[in-house]
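Single-letter residue listing:
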Amino acid sequence: MSKLYSILAGLCDERGISPYRMCKDTGIQPSVMTDLKMGRRHTVKAETASKLANYFGVSVDYLLGNTDKKEKAPAEEGRGITDEELKFALFDAPEEITDDIMDEVKRFAKYVEEQRRNGHIK
């Protein structure tokens with residue numbers, strides 16, 4: 001059994017899902033997990049590692065067993081955007097946007113990100 005499999009299985013347990021569910025959610029072939037479990041493979045492609053790390057909200061380094069820190073480094077998380085920047089980008093009259101509207105925009109953005117992370121949106 002590979003170290004990567006052990007880490008992935010642990011993350012699945014923490015989330016309360018099966019490795020098969022993780023594969024379905026991320027679009028990864030279940031045979032990849034079987035090969036990791038059986039020791040026929042010890043790693044995955046960079047693209048797959050990135051997809052899995054994003055799915056679990058951990059760093060690729062954590063996923064590959066290179067660090068004990070689960071959190072992504074600030075550079076991995078991307079640049080934060082202020083409410084003012086978001087209002088300017090999305091609305092013609094940003095000064096008229098209420099807090100309730102901004103909360104709804106943020107909820108929708110989180111929903112879209114989760115759908116993308118689960119492979120439902122490309």
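Conventions used here
- Along each chain, residue indices are assigned from 1 in the same order as the chain's sequence is written.
- Owing to the predicted nature of the model, reporting of local features is limited to residues with pLDDT of at least 70; listing and counting of side-chain atom pairs is limited to 80 or more, with chain, interface and lining totals taken over all residues.
- Derived side-chain values reflect all non-hydrogen atoms in the structure, with water molecules and hydrogen atoms excluded from consideration.
- In this analysis an axis means a line fitted to C-alpha atoms, helices contributing only their contacting stretch, and an angle means the value between N-to-C directions, from 0 to 180 degrees.
- For the purposes of this entry, the term helix denotes a DSSP run of H or I that reaches at least four residues, the term strand denotes a run of E that reaches at least two, and both are numbered from the N terminus.
- Between 65 and 115 degrees an angle is taken as roughly perpendicular, under 35 as roughly parallel, over 145 as roughly antiparallel, and anywhere else as oblique.
- In this analysis, two residues are considered to be in contact whenever any of their non-hydrogen atoms come within 4.5 Å of each other.
- Each residue gets one of three labels, nonpolar for Ala, Val, Leu, Ile, Met, Phe, Trp, Tyr, Cys and Pro, charged for Asp, Glu, Lys and Arg, and polar for the others, Gly among them.
- Each Phe, Tyr or Trp ring (for Trp, its six-membered ring) is paired with any other whose centre lies within 6.5 Å, and the angle between the two planes then decides the class: stacked below 30 degrees, edge-to-face above 60, tilted in between.
- Accessibility here uses a 1.4 Å probe with only protein chains present; expressed as a share of the type maximum, an area under 20% marks a residue as buried, one over 50% as exposed, and anything in between as partly exposed.
- pLDDT measures the predictor's confidence residue by residue and takes values from 0 up to 100.
- Here the arc refers to the set of directions running from the helix axis out to each C-beta atom.

(A) Structural detail: the packing of helix α2 (residues 19-26) against helix α4 (residues 46-56). Between α2 and α4, the least distance of the axes is 11 Å, while the angle of their chain directions is 110 degrees. Between α2 and α4, the angle is such that the two are roughly perpendicular. Taking contact as the criterion, the partners of Met22, Asp25 and Thr26 in α2 are, on α4, Lys51, Leu52, Tyr55 and Phe56. Per-class residue counts for the contact of α2 with α4 are 4 nonpolar, 1 polar and 2 charged.

(B) Structural view of the environment of Gln115. Note that Gln115 resides in helix α8 (residues 99-117). Separated by 90 residues in sequence, Gln115 and Asp25 have C-alpha atoms that sit 9.3 Å apart.

(C) Broad picture of the environment of Leu4. Relative to the helices and strands, Leu4 resides in helix α1 (residues 3-15). Apart from residues no more than four positions distant in its own chain, Leu4 is found in contact with Leu36, His42, Thr43, Val44, Leu63 and Leu64.

(D) Geometry of the packing of aromatic side chains. Here the structure, examined in full by the defined rule, presents 2 aromatic pairs. Ring geometry for Tyr55 versus Phe56: centroids 4.9 Å apart, planes at 80 degrees, classification edge-to-face. The same class applies to Tyr55 as to Phe56, namely buried. Ring plane angle 35 degrees and centroid distance 6.3 Å describe the contact between Phe108 and Tyr111, whose orientation is recorded as tilted. One end of the pair is Phe108 and the other is Tyr111, both in helix α8 and 3 residues apart, which spans about a single turn. Judged by relative accessible area, which is 54%, Phe108 ranks as exposed.

(E) Broad picture of the confidence of the model for the chain. In the predicted model, the chain carries a mean pLDDT of 83, and 91% of its residues have values of at least 70. Element-level mean pLDDT values for the chain span from 46 in helix α6 (residues 74-77) up to 94 in helix α3 (residues 30-38).

(F) Quick look at α3. Along α3, the residues that are buried comprise Val32, Met33 and Leu36. Around the axis of α3, the buried residues are gathered within 95 degrees of arc, so they sit on the same side. Two residues or fewer past α3, Gly39 is found with a positive phi of approximately 80 degrees.

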